[in-house]
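Structure at a glance
Chain by chain, the residues:
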Amino acid sequence: MRFVQFCHSFVSCWNHGNAHFIRGIARELIRRGHEFVSYEPADGWSRTNLARDYGQAAIDEGADVIPAAAVRTYDLARLDLDQALEGADVVLVHEWTNPQLVACIGERRIAGGRFLLFFHDTHHRALTAPNEIEEFDLEGYDAVLAFGEVLRQAYLARGWGRRAFTWHEAADSALFRSVTDPDKDTDLIWIGNWGDGERDEELRRFLVEPAARLKLRTRIHGVRYPAVVQGYLHAQGMHYEGWLANHRVPAAFARARVTVHIPRGPYVEVLPGIPTIRMFEALACGIPLVSAPWPDIEALFPEHSYLTAATADEMATALSLLLRDRELAKDLMQNGLHAIRSRHTCCHRVDELFGIIRRLDKAVISAPPAGSALTAKMVLQ
């Protein structure tokens, strides 16, 4: 089958955590013998910032993570959409795509496009800024893929899209796996971005204060850390090392003894049950994890996969315990690895996607998009 994707960026992970998952899905589809083509705007925000800070070499490195994936850039004013969609069996459109382009792709489906069309949402703005989602014309879309049940329900309640399915993110287990490195030069590693003001207080409470109190050797990676924040981290004895390419995260985890998961406020408050991609990454790499509070209402992870901490004191206690008790750390690592390998890899998500495709292949026959005389051609493998 031919899969065509439109996303914010495939090659850049600069402040773009979704790069992990969309690359992992591409890798698994290609491994199964399918064709995968990804389109991204040449002037996309993540891509532009990565090139500005780290040059074209960083862009090229990102493109080489999944070498068999065809990555194409476009200028919206010059994009030949009919050519881009030619021969497509499944089209995935990410929610950070220009609303005009989202509508045009839907129009092609309504006009008889012989492909299944999905709108893929991996953000909180459907609940925190619904006016932005209302800008999207989803009439021609066969279904919405939402990265959590609460988001799926929001789409259904507001009448956005004809159908909606829960499709959680997951780990690209071909890349994110446990790597043994006896030379642990870091006690605590944090990989995440500052920016936006969505978790400034949480980062101070669950990362900076406990690490400083315990005098841990701490490394921090990410972007959008203002100079004043960098100075604050340095004053607390922490090493801020800037952007880290997503595919280099496993090696960075291997050098550290523990990490933390600190979700942004909107995810905890309005998107319960949806962790950040960092949690999948850490557990897949077998590093002990302590998480700030988030309600796992969908029971994604079994008990004893990680520790939780509701306050700075509890975080300091949990970190200290894991650094002292190697048996506990080992148990958490094994439980976390089992949770990922048994339920949360990109292989599992591709299986789920094909299950949805099979359901829709039947559903669109009786209820195709308005005005469409054709249905998708499916050759399932």
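Residues numbered from 1 in each chain as written. Predicted model: local features only at pLDDT ≥ 70, side-chain atom pairs only at ≥ 80, totals over all residues. Heavy atoms only, no water.

**So, the pairing of strand E9 (residues 218-221)**
Cut-off, in case you're wondering: For the exposure calls, accessible area comes from a 1.4 Å probe over protein chains only, and a residue counts as buried if that area is under 20% of its type's maximum, exposed if over 50%, partly exposed in between. Only DSSP runs of H or I with at least four residues qualify as helices, and only runs of E with at least two residues qualify as strands; both kinds are numbered from the N terminus onward. A pair of strands counts as paired when DSSP detects no fewer than two bridges linking them. Here the term right-handed applies to a crossover when the path leading from its first strand over the helix to its second strand runs clockwise, the strands being oriented away from the viewer.
A two-sided burial pattern is seen for E9, the buried positions comprising Thr218 and Ile220 on one face and Arg219 and His221 on the other. The pairing of strand E8 (residues 186-191) with E9 spans 4 bridges and is parallel. From the neighbouring strand, Trp190 faces E9, where its bridge partner is Ile220. The sheet contact formed by E9 and strand E10 (residues 239-240) spans 2 bridges and is parallel. What sits directly across from Arg219, in E10, is His239. For the crossover that starts at E9, traverses helix H10 (residues 227-235) and ends in the parallel E10, the hand is right-handed.

**Things to note about the packing of aromatic side chains**
Put simply, the test is: Aromatic pairs are defined between Phe, Tyr and Trp rings, using the six-membered ring for Trp, whenever the two ring centres lie within 6.5 Å; interplanar angles under 30 degrees are classed as stacked, those over 60 as edge-to-face, and all others as tilted. In our convention, an over-ring charge means Lys NZ or Arg CZ found within 6 Å of a ring centre and within 35 degrees of that ring's normal.
Evaluation of the coordinates by the stated rule reveals 15 aromatic pairs. A centroid spacing of 4.8 Å and a plane angle of 40° characterise the contact between Tyr54 and Trp243, whose relative ring orientation is tilted. Of the two residues, Tyr54 is situated in helix H2 (residues 45-54) and Trp243 in the loop between E10 and helix H11 (249-254); the sequence distance between them amounts to 189 residues. A centroid spacing of 4.7 Å and a plane angle of 35° characterise the contact between Tyr225 and Tyr240, whose relative ring orientation is tilted. Here Tyr225 is found in the loop between E9 and H10, whereas its partner Tyr240 is found in strand E10, with 15 residues between them in sequence. Three or more aromatic residues link up through ring pairs in this structure, and these residues are Phe119, Phe136, Tyr141, Tyr155 and Trp160. Geometry around Trp96 places Arg125 over its ring, the cationic atom sitting 3.9 Å from the centre. Taking NZ or CZ as reference, Arg204 lies 5.7 Å from the ring centre of Tyr232, over its face.

**A look at the packing of helix H9 (residues 200-214) against helix H14 (residues 312-324)**
In plain terms, the rule: Axis definition: a line fitted to C-alpha atoms, limited for helices to the stretch in contact. Angles are taken between N-to-C directions and run from 0 to 180 degrees. Here the word oblique covers every angle except those under 35 degrees (roughly parallel), over 145 (roughly antiparallel) and from 65 to 115 (roughly perpendicular). Throughout, a crossing is termed right-handed when the near helix is turned clockwise from the far one, and left-handed when it is turned anticlockwise from it by less than a right angle. Should any heavy atoms of two residues lie within 4.5 Å, those residues are considered in contact. Residue polarity follows a fixed list, in which Ala, Val, Leu, Ile, Met, Phe, Trp, Tyr, Cys and Pro are nonpolar, Asp, Glu, Lys and Arg are charged, and the others, Gly among them, are polar.
Two elements in contact, H9 and H14, have axes separated by 9 Å at closest approach and are oriented at 55°. The angle between H9 and H14 places the two elements in the oblique class. Of the two possible hands of crossing, H9 and H14 adopt the one that is right-handed. Residue-level contacts link Arg205, Phe206, Glu209, Pro210, Arg213 and Leu214 of H9 to Ala312, Asp313, Met315, Ala316, Leu319 and Ser320 of H14. Here the contact of H9 with H14 is built from residues that sort into 7 nonpolar, 1 polar and 4 charged.

**Observations concerning the sheet that holds strand E6 (residues 143-146)**
Judged by pairing direction, the sheet is parallel, and its 7 strands sit side by side in the order E3-E2-E1-E4-E5-E6-E7 without closing on themselves. Looking at which strands have only one partner, the edges of the open sheet turn out to be strand E3 (70-74) and strand E7 (164-166). For this sheet, the mean angle separating the axes of adjacent strands, direction not counted, is 25°. With 3 bridges joining them, E6 and E7 adopt parallel strand pairing. Residue pairing across strands places Val144 opposite Ala164, the latter belonging to E7. Strands in contact with helix H1 (residues 18-31) are strand E1 (2-6), strand E2 (35-41), strand E4 (90-94) and strand E5 (116-121); relative to E2, the strand with the most contacts, it is inclined by about 155°.

**Observations concerning unusual backbone geometry**
Here Asn15, not a glycine, exhibits a phi torsion of approximately 55°, which is positive. Within the fold, Asn15 resides in the loop between E1 and H1. Judged by its relative accessible area of 17%, Asn15 is buried. At Ala299, a residue that is not glycine, the phi angle is positive and equals roughly 50°. Within the fold, Ala299 resides in the loop between strand E12 (289-291) and strand E13 (307-308). Relative accessible area serves as the criterion here: at 47%, Ala299 is assigned to the partly exposed category.

**Notes on the state of the cysteines**
Keep this limit in mind: Any two cysteine sulfur atoms lying within 2.5 Å of each other are counted as a disulfide.
As enumerated under the stated definition, the model contains 0 disulfides in all. The thiol of Cys104 is unpaired, and the distance to the nearest cysteine sulfur, on Cys7, comes to 18 Å.

**Let's talk about the packing of helix H13 (residues 277-284) against helix H15 (residues 326-343)**
Running from N to C, H13 and H15 cross one another at 115°; their axes reach a closest spacing of 8 Å. Between H13 and H15, the angle is such that the two are roughly perpendicular. At the point where H13 passes H15, the crossing takes the left-handed sense. Residue-level contacts link Phe280, Leu283 and Ala284 of H13 to Gly336, Leu337 and Ile340 of H15. For the contact of H13 with H15, the residue count by class is 5 nonpolar, 1 polar and no charged.

**Side note on the pairing of E4**
With 5 of its 5 residues buried, E4 lies for the most part within the structure. What you see with E4 is no split at all: Val90, Leu92 and His94 on one side and Val91 and Val93 on the other are buried throughout. Here E1 runs beside E4; their pairing, made up of 4 bridges, is parallel. The residue of E4 that forms the bridge with Val4 is Val91.

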